[in-house]
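Close look at the chain arrangement
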Amino acid sequence: GVDTICLYGGASIGSRTMLDAFIPAAAELVASSDLASAASKAKEGADATAKMATASAGRSNYLSEDVLSGTPDPGAVAVSIVLEALATIST
């Protein structure tokens, strides 16, 4: 699962990638089986990427701090949006 993605992709929490949203969401889903809670954790993770000054993996890795500052990682935002949509239609 997640460990394999991290292994092959070279990213983890704090790398400023979609994994910053996906990993906490997956952990929450395993712990609670609640898709809405998982979506909330994904949003928190995505929002946190906007405060990260550098990216150590992914496409943002090539961007400077002034470009990254205040902008969440697009992949993390996408994970958040997809999980929120799934939570909405599953209720």
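Residues numbered from 1 in each chain as written. Predicted model: local features only at pLDDT ≥ 70, side-chain atom pairs only at ≥ 80, totals over all residues. Heavy atoms only, no water.

Topic: helix α3 (residues 35–49)
Here α3 spans 21 Å end to end across 15 residues, near enough to the 21 Å set by a 1.5 Å rise per residue. Within the sequence span of α3, burial applies to A38, A39, A42, G45, A46 and T49. Relative to the axis of α3, the buried residues are bounded by an arc of 120° and lie together on one face. Looking at the buried side of α3, the elements it contacts are α2 (19–32) and α5 (74–89). Two to three positions downstream of the cap, the backbone nitrogen of A36 sits 3.1 Å from a side-chain oxygen, assigning the N-cap of α3 to D34. (Helix = DSSP H or I, 4+ residues; strand = E, 2+ residues; numbered from the N terminus. Expected span 1.5 Å × (residues − 1). Buried < 20%, exposed > 50% of the residue type's maximum accessible area, 1.4 Å probe, protein only. Arc of directions from axis to C-beta. Contact = heavy atoms within 4.5 Å. Polar contact = N/O pair within 3.5 Å; in protein donor to acceptor, adjacent residues only side chain to side chain.)

Details of the pattern of salt bridges
Applying the stated rule across the entire model yields 2 salt bridges. The closest approach of N and O atoms between R16 and D73, which form a salt bridge, is 3.9 Å. In this pair, R16 is assigned in the loop between α1 (2–9) and α2 and D73 in the loop between α4 (65–68) and α5, connecting sequence segments 57 residues apart. By relative accessible area, R16 is classed as buried at 1%. In this structure, K43 engages D47 in a salt bridge whose closest nitrogen and oxygen atoms are separated by 3.1 Å. One end of the pair is K43 and the other is D47, both in helix α3 and 4 residues apart, which spans about a single turn. Owing to a relative accessible area of 44%, K43 belongs among the partly exposed residues under this scheme. (Salt bridge = Lys/Arg side-chain N within 4 Å of Asp/Glu carboxyl O.)

Focus: the side chain of D73
Taking the relative accessible area as the measure of exposure, D73 reaches 7% and is therefore buried. Polar contacts involving the side chain of D73 include one to the main-chain amide nitrogen of G75, which spans 3.1 Å. Setting aside anything within four residues of it in sequence, one finds D73 in contact with R16, T17, M18, T49 and S60.

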